[in-house]
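Structural characterization, general
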Amino acid sequence: MKKILAAVAVGASLASPYIIGIKAEEHTQTLYQQISANPAFEVELLEYNRGWINSDATVKFTMPVTDDEGNVEMFNFEIEQIIQHGPVLWSTDGVGLGLLDSQFNAKLPAEFKEEIINIEQLQDDGMSTIARTSFNGTTYSSTRIKPTTIKLDEANLEILPGLFHTTTDTQGHITGGGEWQGMKIVKGETVALVVGKMDIELNQTYINGNMFAPMSLGIGTSKLSVTEFIVNGETPDASMSIRNLHMASDSKVNAGLLAGNLTVSADQVALAFQQFTDFNYSMTMDNFNVDALSEIQNLLVNLDPEDPQQQQTLMVAMQQQLPKLLADNPSIAIDKLGITTNEGDIVSDLLVTIDPQKFDANNPMSMMFALQADAKGSAPSAFFTNLGMQENVDMLKEQGMLVQEEETLLFNFSFANGQALINGMPIPLG
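Some remarks on the overall build of the chain
Within the chain, the regular secondary structure consists of seven helices and 26 strands. Across the chain, contacts joining residues at least 24 apart in sequence account for 50% of those joining residues at least 6 apart. With an accessible surface of roughly 25,200 Å², the chain has 57% of that area assigned to carbon and sulfur atoms.

As structure tokens, then:
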């Protein structure tokens, strides 16, 4: 009896990778089908070879790319996926249990390689991605960037190391983060470009579809920080730098309405011979109907910008979504846009709201009366004087566009009921 049970156990252990391999193939095909549902990509599973313990797949991605002259070309590349079947996994992240392990390798097209000098200097594993998928569908992935130097025509491109990881579940929740030490372009003794250390954090949940669906929206938090971004041009006016850049977003949905905020800050900005500190930008949005936003997003994703008839259809379709989008008095506000100069602080803010009671979807011109905006700002007059712009400032003051109070220039703008006011004076439109 013991021999029979042992034989059954051995048989089951030998058969299980093949049986799980069938499920692994179904999971892989479903993943690529979800990606291909987004019109931004064309995805074709060229080949899938299922073995007993391991399988491999070749997938072709095609996407439109716009060149410097505005021409749209189709760019394609292939991904090779090497798969190990569960239940016992060991090929990516140590020994564990799960549905499958995956290793991904990108194959760039020959014509793309020909345009990049010395691309053969890149190691095959210069960027590698591995993933482990559990039996409940949760996938943990890790992308590693190895340091390398590529010799260009007159410079060296130094790519520094990085490591990023994400965890994605079947409910559309994705968390992750990581850091990249950045990159440099060095010309002789001069460092022409520096992208400093980058840190990323992500905690998002996709609603109205998975993360690849064009109608889905990601809500939650995200953070990005970069220690420095430096461009050293051939002349001082062609140089710029940003130090300690931070970006953070937070969004949520309550009763079908989206609210969110975005903040951007930098300790120091140098541009066009000017030094600034304490750059701050804060934007909030509130009471936007999620279903209407998703539908508008879907319309935009599927739009062919070269087709005038589609553009007209898009305008009509978006117009039909506006009553739902505006029903709950949505608002967008720039709570703060400011920076500190040697002469003092420059600050401004803006609030835009739309009154749904004044908007008629059958009459697009009614938006002029439904829209309301209020903005104000201030800046030290010495800042513009030192830039040699005193004549421009005086002209704007004569026109009533700016008001001076002591050493400060002020403006106040409002728009309501189709009428714009600047510093209390009506401005003709059109």
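Some thoughts on a nonpolar patch on the surface
A surface patch of nonpolar side chains, amounting to about 1,100 Å² of accessible area, comprises Tyr18, Ile19, Ile22, Trp52, Ile53, Val88, Trp90, Val95, Leu97 and Phe135. Within the secondary structure, Trp52 is located in the loop between β1 (42-50) and β2 (54-66).

As for the packing of helix α3 (residues 290-301) against helix α4 (residues 308-326)
It is the contact of α3 with α4, at a shortest axis distance of 9 Å, that shows an interaxial angle of 170 degrees. In terms of orientation, α3 and α4 fall into the roughly antiparallel class. The segment α3 lies against α4, with Asp291, Ala292, Leu293, Glu295, Ile296, Leu299 and Leu300 engaging Leu314, Ala317, Met318, Gln321, Lys324 and Leu325. When its residues are assigned to classes, the contact of α3 with α4 shows nine nonpolar, one polar and three charged.

With respect to the environment of Ala420
Looking at the secondary structure, you find Ala420 in strand β25 (residues 419-422). Taking the relative accessible area as the measure of exposure, Ala420 reaches 1% and is therefore buried.

Focus: α4
End to end, α4 covers 27 Å across 19 residues, agreeing with the expected 27 Å (1.5 Å per residue, within 8%). Helix geometry: α4 is bent most strongly at Gln320, by close to 30 degrees, with proline Pro323 lying one to four residues after it. Along α4, the residues that are buried comprise Leu314, Ala317, Gln321, Leu325 and Leu326. Elements that come into contact with the buried residues of α4 comprise β19 (274-289), α3, β21 (344-354) and α5 (367-370).

So, the side chain of Ser251
Tracing the backbone through its elements, the reader meets Ser251 in strand β17 (residues 240-254). Sequence-distant contacts of Ser251, defined by excluding residues within four places in its chain, comprise Gly218, Ile219, Gly220, Leu258, Ala259 and Gly260.

Considering the side chain of Arg132
Summarising the element assignment, Arg132 is placed in strand β7 (residues 127-133). At 2.7 Å, the side chain of Arg132 forms a polar contact with the side chain of Asp101.

Here's the deal with the nonpolar core
By size, the foremost hydrophobic cluster in this structure holds ten residues: Ile145, Ile150, Leu157, Ile159, Trp180, Met183, Leu193, Val195, Met198 and Val226. For this core, the elements supplying multiple residues, two or more each, are β10 (156-159) and β14 (190-195).

A few points about the pattern of salt bridges
Enumeration according to the criterion identifies seven salt bridges in this entry. The salt bridge partner of Lys197 is Asp199, with a shortest N-O separation of 2.9 Å. The class for Lys197 is partly exposed, based on a relative accessible area of 28%. Judged by relative accessible area, Asp199 falls into the partly exposed class, the value being 25%.

Points about the pairing of strand β9 (residues 148-151)
Burial along β9 is one-sided: Thr148 and Ile150 are buried, while Thr149 and Lys151, pointing the other way, are not. Examined bridge by bridge, β9 and β10 share four bridges and lie antiparallel to one another. Across the sheet, residue Thr148 finds its bridge partner in β10, namely Ile159. The turn linking β9 back onto β10 is made up of four residues.

A closer look at the pairing of β25
For a regular strand, the rule is simple: side chains alternate between the two faces of the sheet. Here β25 shows a clear split, with Ala420 and Ile422 buried on one side and none of Gln419 and Leu421 buried on the other. Of the pairings in the sheet, the one linking strand β24 (residues 408-416) to β25 comprises four bridges and is antiparallel in character. Bridge pairing links Phe415 to Ala420 in β25. Between β24 and β25, which follow one another and run antiparallel, lie two residues, and Asn417 among them has a positive phi close to 55 degrees. Pairing between β25 and strand β26 (residues 425-427): three bridges, direction antiparallel. Across the sheet, the residue bridging to Ala420 is Ile427, located in β26.

The rules behind each value
- Residues numbered from 1 in each chain as written.
- Predicted model: local features only at pLDDT ≥ 70, side-chain atom pairs only at ≥ 80, totals over all residues.
- Heavy atoms only, no water.
- Helix = DSSP H or I, 4+ residues; strand = E, 2+ residues; numbered from the N terminus.
- Contact = heavy atoms within 4.5 Å.
- Areas by Shrake-Rupley, 256 points an atom, 1.4 Å probe, with all protein chains shown as cover.
- Patch = residues over 30% accessible without salt bridge, like charges linked within 9 Å, V, L, I, M, F, W, Y side chains within 5 Å.
- Salt bridge = Lys/Arg side-chain N within 4 Å of Asp/Glu carboxyl O.
- Axes fitted to C-alpha atoms, helices over the stretch in contact; angles between N-to-C directions.
- Parallel < 35°, antiparallel > 145°, perpendicular 65-115°, else oblique.
- Nonpolar A, V, L, I, M, F, W, Y, C, P; charged D, E, K, R; others polar.
- Buried < 20%, exposed > 50% of the residue type's maximum accessible area, 1.4 Å probe, protein only.
- Expected span 1.5 Å × (residues − 1).
- Bend = angle between axes of the 7 residues up to and from the residue.
- Polar contact = N/O pair within 3.5 Å; in protein donor to acceptor, adjacent residues only side chain to side chain.
- Core = buried A, V, L, I, M, F, W, Y, C linked by side-chain atoms within 4.5 Å.
- Pairing = 2+ DSSP bridges.

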